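Chains, contacts and geometry: an overview
Listed below, chain by chain, are the residues.
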Amino acid sequence: MTIDDAPRDALRGGPRELLRWVATGAAVSRADLSRLSGLSPSTVSQRVEALISQGLLEEAGAGRSRGGRRPRQLAVPTGGAVVGAIDLGAHHARVGTLDLSGRVVQARTRPVRIEDGPEAVLADLLGEVAALAVVPNGPTPSDAPAAGALRGIGIGIPGPVQHATGRIVSPSRMPGWNGFDVAAFCADRVEVPVIVDNDANLMALGAHRTTHPDLEHAVYIKAGTGIGSGVISDGRLHRGAQGSAGDISHCRVVADPAPPCSCGNAGCLEAVASGAALVTALREQGVPVDDLTGVIRLIDDGDRHATALARQAGRAIGEILAVVVNFFNPQVVAIGGRLADCEPLLASMRATLYERCLPLATQTLLIERVTTGQDVGITGAAHLVIDHVVAVN
Ligand SMILES: [Zn+2]
C-alpha cells in the first residue's frame, strides 16, 4: 500500500502530540492540553472530540473540581489500541506491541533464518505480533486488550526499501528477498495498515523520538552486520525521492586493498566497515571467527587483528560521516547497532570526524551512542504507524 507521510503535526498541539501528552500523564483534561499547546479551548476540544471518535482517547469519570463544573478527565483507553512492530535483523527479529504513546507493552526476540525467504519469515513474525496483541498485559484477564485492538504494524527490513510501495530492492545478504513486496504480502494477511521501512530509518526515528525530539537535524548510523544511516531533517525522517536517503553502505572509502562488495564495486563502506566485512577480513587473516558476536568478543579481549580492523572500520565510517556532516550540518550524530559498543571503532570514528569536518559544523555537534537499547527499532516502527493512524483516522 502507498502511505503518504503524515503531515507535520509534531508542531505544538497536533493530534499526535495531544495524544502523547495524555498517554504520558502530562495532561488529564482539555484545560491541560490547552495550556501545554497554547491552543484555544475550542480548537483543543475539536481535536479531542476527533480523537475520542477514533477510539484513541476516552473520557473517564470527572477530574478535580475547581469550584465550578467538574472537568471531564481524559485517558488513553486501557487495554485498548496497540500497534505491532517487527525489527528484522540478519539472525534475529525483535517483535513487540506498543501503546499509542510509543511505549513498549510486550516485546520478545526470536531467532530468524533470513535465508528461509520472505514468505516463511514474515508469516511467522506476523503470527507472533498477533499473539502478542491478544495476550493479557495485566494480572487479570480483564486487562487483556481485545482482539482487534491492533491498529497497524510497522516492519523494519535490513535492506533498501522503496518507500512508496514497501518493496525490497537489491538487499545484500537477503537471498530470495530482492523485489519482494513486503507491504502487499502482509496486507493480504492482516486487516490493519502495514508500513515497511529499512531498519536504519526505524532506528533513527525511534532514537530521535525518545532521546532528542527537540533537535531538528540528526543523523543516526546503524552499524551491525550491515551498515546504514537514517536522517532526521527539520524534525522528520528524510527518505528522499525513493526511500534510499541515508543509505551509505555503497559509498566508497579509502582502503588498500579495496575489498570487493556485493554490489559489484570495490571499497564500499559496507565491504570495509560492516560487521559482515569484519568477519570476512578476520577469516582471511586466519583468525577463526563465526560471526559478529565472535568479532566483538575478540575486540573486547584486545585481539590486535580485530582491534586494528575495528579502528579501520571507525576511520571509514568517520570519512563518510564527515562528508555527511559537512553537507547536512546536523545537531547530533549518533551511532547504534552492535558495533557501536566497540571503543576502538568509536574512538577512530570520532577522531576522523573532527579532523575532516569544518569547525563550524562540529562546534556544537553532539557525537553520541544510541542509548535506547534493543527496543529502539520497534519503537521507531511503532511511531511510524502511530503517526499514520493518528493522522488519517
Ligand atoms: Zn557496494
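A quick note: this is a predicted structure, and the numbers were derived from the prediction, not measured.

**Examining the overall build of the protein chain**
When helices and strands are tallied, the protein chain shows 13 helices and 14 strands. Buried residues in the protein chain amount to 51% of all 393 residues. Counting only contacts in the protein chain whose residues sit at least 6 apart along the sequence, the fraction spanning at least 24 positions is 61%. Accessible area for the protein chain stands at about 17,600 Å²; split by element, carbon and sulfur atoms hold 51% of it.

**Digging into the coordination of the zinc ion**
All of the protein donors around the zinc ion are H250 (ND1), C261 (SG), C263 (SG) and C268 (SG); their distances to the metal are 2.0 to 2.3 Å. For the zinc ion, the four donor atoms are set out with angles of 102 to 120° between them, so the coordination reads as tetrahedral. Each donor residue of the zinc ion lies on one chain, and together they are spaced H-x10-C-x1-C-x4-C. When its relative accessible area of 38% is taken as the criterion, C263 is described as partly exposed.

**Here we look at the pattern of salt bridges**
A full pass over the atoms with the stated rule returns 18 salt bridges. Among the salt bridges present, the one from E49 reaches R30, with a minimum N-O distance of 2.5 Å. Of this pair, E49 sits in helix α3 (residues 41-53) while R30 sits in helix α2 (residues 30-37); the two residues are 19 residues apart in sequence, bridging distant segments of the chain. Residue classification places E49 among the partly exposed positions, given a relative accessible area of 39%. Across the pair E59 and R30 runs a salt bridge whose closest N-O atoms are separated by 2.4 Å. With E59 in strand β1 (residues 58-62) and R30 in helix α2, this residue pair connects regions lying 29 residues apart in the sequence. On the basis of relative accessibility, which here comes to 31%, the residue E59 falls in the partly exposed class. What you see here is one network of salt bridges that share partners, running through R108, R110, D124 and E128.

**Examining the state of the cysteines**
A complete count under the given rule lists zero disulfides for this structure. C251 carries a free sulfur, and the closest cysteine sulfur to it, the one in C268, is 8.4 Å from it. Overall, the relative accessible area of 29% leaves C251 in the partly exposed class.

**Overview of the nonpolar core**
Formed by 44 residues in total, the largest nonpolar core has its most connected members in L269, L282, V295, I317, I335 and L345. Mapped by element, the contributors of at least two residues to this core are β10 (218-223), α7 (269-273), α8 (275-284), α9 (292-300), α10 (304-328), β13 (332-336) and α11 (343-356). Residues contacting I317, with those up to four places away along its chain left out, are I221, I227, L269, A273, L345 and M349. Of all hydrophobic cores here, the second largest spans 31 residues; its members include A93, L150, V161 and V194.

**Regarding the packing of aromatic side chains**
For any pair of aromatic rings, geometry is given as the distance between the ring centres together with the angle between the planes. Counting across every chain of the model gives one aromatic pair. With 5.5 Å between their ring centres and 55° between their planes, F180 and F185 make a pair best called tilted. Taking the relative accessible area as the measure of exposure, F180 reaches 15% and is therefore buried. Over the ring of F185 we find R189; its NZ or CZ atom is 3.7 Å from the centre of that ring.

**Focus: the sheet that holds strand β6 (residues 150-157)**
Taken together, five strands build an open sheet; the order of strands is β5-β4-β3-β6-β9 and the sheet is mixed. In the strand order of this sheet, the two ends are held by β5 (104-111) and β9 (194-198), each with one partner. On average, adjacent strands in this sheet sit at an angle of 15° to one another, irrespective of strand direction. Sheet topology places strand β3 (residues 82-88) next to β6; five bridges connect them, and they run parallel. For A85, the partnering residue across the bridge sits in β6 and is G154. The strands touched by helix α4 (residues 118-134) within the sheet are β3, β4 (92-99), β5 and β6, with β4 carrying the most contacts at an inclination of about 30°. Those strands touched by helix α6 (residues 199-211) are β3, β6 and β9, and its axis lies near 100° from that of β9.

About the criteria used
Residues numbered from 1 in each chain as written. Predicted model: local features only at pLDDT ≥ 70, side-chain atom pairs only at ≥ 80, totals over all residues. Heavy atoms only, no water. Helix = DSSP H or I, 4+ residues; strand = E, 2+ residues; numbered from the N terminus. Buried < 20%, exposed > 50% of the residue type's maximum accessible area, 1.4 Å probe, protein only. Contact = heavy atoms within 4.5 Å. Areas by Shrake-Rupley, 256 points an atom, 1.4 Å probe, with all protein chains shown as cover. Donors = N, O, S within 2.8 Å, 3.2 Å for Na, K, Ca; no water. Tetrahedral: all angles 85-135°; square planar, octahedral: opposite > 155°, others 65-115°. Salt bridge = Lys/Arg side-chain N within 4 Å of Asp/Glu carboxyl O. Disulfide = S-S within 2.5 Å. Core = buried A, V, L, I, M, F, W, Y, C linked by side-chain atoms within 4.5 Å. Phe/Tyr/Trp six-rings, centres within 6.5 Å; stacked < 30°, edge-to-face > 60°. Lys NZ or Arg CZ within 6 Å of the ring centre and 35° of its normal. Pairing = 2+ DSSP bridges. Axes fitted to C-alpha atoms, helices over the stretch in contact; angles between N-to-C directions.

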